[in-house]
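One letter stands for each residue in the lines below.
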Amino acid sequence: MKIGLFTPLRSPVATPEFLRNFGQKAEEIGVHSFWLGEHVVIFDQYESQYPGSSDGVFRFPEGSGLMDMVSSIGFLAACTSTLRLGTGICILPQNNPVYAAKEYATLDFLSNGRLDFGVGVGWSWEEFEACGAPWPNRGKRCDEYLEVINTLWNDELSSFSGDMYDLPECRMHPKPVQEGGIPICIGGHSDAALRRTARYGQGWYGINLSPQESSQMVSRLATFLEAEGRSIDEVEIHVGAVNDQMDASMVEAYAEAGVTQLLIPFLRQGNKHLDANLETIAPFIEVSRSIT
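Residues numbered from 1 in each chain as written. Predicted model: local features only at pLDDT ≥ 70, side-chain atom pairs only at ≥ 80, totals over all residues. Heavy atoms only, no water.

## Some points on the pattern of salt bridges
- For the structure on display, the rule yields 10 salt bridges.
- We note a salt bridge from lysine 2 to glutamate 236, for which the minimum N-O separation is 3.1 Å. Of this pair, lysine 2 sits in strand S1 (residues 2-6) while glutamate 236 sits in strand S12 (residues 236-240), and the two are 234 residues apart along the sequence.
- Note on lysine 2: relative accessible area 27%, which makes it partly exposed.
- Across the pair aspartate 55 and arginine 59 runs a salt bridge, and its minimum N-O distance is 2.5 Å. (Salt bridge = Lys/Arg side-chain N within 4 Å of Asp/Glu carboxyl O. Helix = DSSP H or I, 4+ residues; strand = E, 2+ residues; numbered from the N terminus. Buried < 20%, exposed > 50% of the residue type's maximum accessible area, 1.4 Å probe, protein only.)

## Some remarks on a nonpolar patch on the surface
- The grouping of Phe109, Leu110 and Val177 at the surface amounts to a nonpolar patch, some 310 Å² of accessible area in total.
- On the secondary structure map, leucine 110 appears in helix H3 (residues 97-110).
- Since its relative accessible area comes to 62%, leucine 110 is described here as exposed. (Patch = residues over 30% accessible without salt bridge, like charges linked within 9 Å, V, L, I, M, F, W, Y side chains within 5 Å. Areas by Shrake-Rupley, 256 points an atom, 1.4 Å probe, with all protein chains shown as cover.)

## Focus on the pairing of strand S5 (residues 84-87)
- Here S5 shows two buried faces, one formed by Arg84 and Gly86 and the other by Leu85 and Thr87.
- Where strand S3 (residues 33-36) lies against S5, 4 bridges are found, and the strand directions are parallel. Bridging from a neighbouring strand, serine 33 pairs with arginine 84 of S5.
- When S5 meets strand S7 (residues 115-120), the two strands line up parallel, connected through 2 bridges. (Pairing = 2+ DSSP bridges.)

## A closer look at the side chain of threonine 7
- Tracing the backbone through its elements, the reader meets threonine 7 in the loop between S1 and strand S2 (10-11).
- For threonine 7, a relative accessible area of 0% gives the class buried.
- At 3.4 Å, the side chain of threonine 7 forms a polar contact with the side chain of glutamine 269.
- Those residues within four positions of threonine 7 in sequence are excluded, and the remaining contacts are Phe22, Phe34, Trp35, Leu36, Phe266 and Gln269. (Polar contact = N/O pair within 3.5 Å; in protein donor to acceptor, adjacent residues only side chain to side chain. Contact = heavy atoms within 4.5 Å.)

## Considerations on the packing of helix H6 (residues 191-200) against helix H7 (residues 211-227)
- Following both chains from N to C, one finds H6 and H7 inclined at 55 degrees, their axes separated by 8 Å at the closest point. Regarding the angle of H6 to H7, the classification is oblique. The handedness of the crossing between H6 and H7 comes out as right-handed. Within the contact between the two elements, H6 uses Asp191, Leu194, Arg195, Thr197 and Ala198 and H7 uses Met217, Arg220, Leu221, Phe224 and Leu225. (Axes fitted to C-alpha atoms, helices over the stretch in contact; angles between N-to-C directions. Parallel < 35°, antiparallel > 145°, perpendicular 65-115°, else oblique. Left-handed = near helix turned anticlockwise from the far one by under 90°.)

## A short note on unusual backbone geometry
- The omega angle of the peptide bond from serine 11 to proline 12 is 0 degrees, so this bond is cis rather than trans.
- When you line up the elements, proline 12 lands in the loop between S2 and helix H1 (16-29).
- A cis amide bond links histidine 173 with the next residue in sequence, proline 174, at an omega value of 5 degrees.
- Structurally, proline 174 can be placed in the loop between strand S9 (166-170) and strand S10 (184-187).
- In the Ramachandran plot, asparagine 112 falls in the positive-phi region, its phi being about 60 degrees despite a non-glycine side chain.
- Residue placement: asparagine 112 occurs in the loop between H3 and S7.
- In this model, asparagine 208 sits at a positive phi of 55 degrees, which is unusual for a non-glycine residue.
- Along the chain, the position of asparagine 208 falls in the loop between strand S11 (203-206) and H7.
- Classification of asparagine 208 as partly exposed rests on a relative accessible area of 31%.

## Some thoughts on the state of the cysteines
- Under the counting rule described, the total for this entry stands at 0 disulfides.
- Not part of a disulfide, cysteine 185 finds its nearest cysteine sulfur in cysteine 90, a span of 12 Å. (Disulfide = S-S within 2.5 Å.)

## Notes on the packing of aromatic side chains
- Tallied over the full model, the rule gives 15 aromatic pairs.
- Taking 5.8 Å as the distance between ring centres and 80 degrees as the angle between the ring planes, the aromatic pair formed by tyrosine 46 and phenylalanine 58 counts as edge-to-face. Separated by 12 residues along the polypeptide, tyrosine 46 in the loop between S3 and strand S4 (65-66) and phenylalanine 58 in the loop between S3 and S4 bring together distant segments of the chain.
- The exposure class of phenylalanine 58 is buried, given its relative accessible area of 15%.
- Between phenylalanine 58 and phenylalanine 60, the ring centres sit 5.9 Å apart and the planes meet at 20 degrees, which makes this aromatic pair stacked.
- Residue phenylalanine 60 is classed as partly exposed on the basis of its relative accessible area, which comes to 25%.
- Taken together, the ring pairs in this structure connect Phe43, Tyr46, Tyr50, Phe58, Phe60 and Trp123 into an aromatic cluster. (Phe/Tyr/Trp six-rings, centres within 6.5 Å; stacked < 30°, edge-to-face > 60°.)

## Concerning the side chain of aspartate 116
- With respect to the helices, strands and loops of the structure, aspartate 116 is situated in strand S7.
- Looking at aspartate 116, its side chain comes within polar contact range of the side chain of arginine 84, at 2.8 Å.
- Those residues in contact with aspartate 116 that lie beyond four places of it in its chain are Trp35, Arg84, Leu85, Gly86, Thr87, Ile182 and Pro183.

Have a look at this one:
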């Protein structure tokens, strides 16, 4: 069992000084990974329903916003040496797949292979519209984009032809330094997300799940993997604990549910209380080390 942090870095508190201190101190106490979030813009009002809250409302502090993941991961990689860095998640269908392949391969190269690439299809049509990306068929587009990224990461001469995207024969360097490419983790709780994991994923990523809910998700995922001739043992299970409902005594229950990395929400950012907030993570790490 590994302990990571779900930490959507937000301005203006995620200063260079904070990121440096946060990364280095988390690494020192044994945090395995950081998982960042992506929303390039936010809106005063949404028609879309946010799946991460009980009432479907997406809330964010006024005058704040999420930091760009590519830039933030690059900064953290330069400040640390063992900490793994994950995208939790990259909203892939609103990105360009060739740019995404290039950016994250470069990050993997510069971090000496410490990247995990978590992707999902998104929940806000408003953000897709702002990015100039089509909202319909985003699931199919996500699948084809993963095919594009896989060939760019793994093939010397890359190409792809699909219904949503065509990539002419081309070459991309640098390649990721991790053998087989950067681990792809599929985010989402729907059957479509689990099927996507079974087809493309080395990992699955879920959020706001209790141990019981995690166990149910693992069982569902195992069924989809079996249909693809794969085993649940081939997939890393990354689960974000329910915010403000978590204590170290629950770590073993998550492990018994099949979770291989538990992600603790780390939302109170800024240097003022960094040490005190990290102290609350230490018991989770201590318990995880006793689980084999």
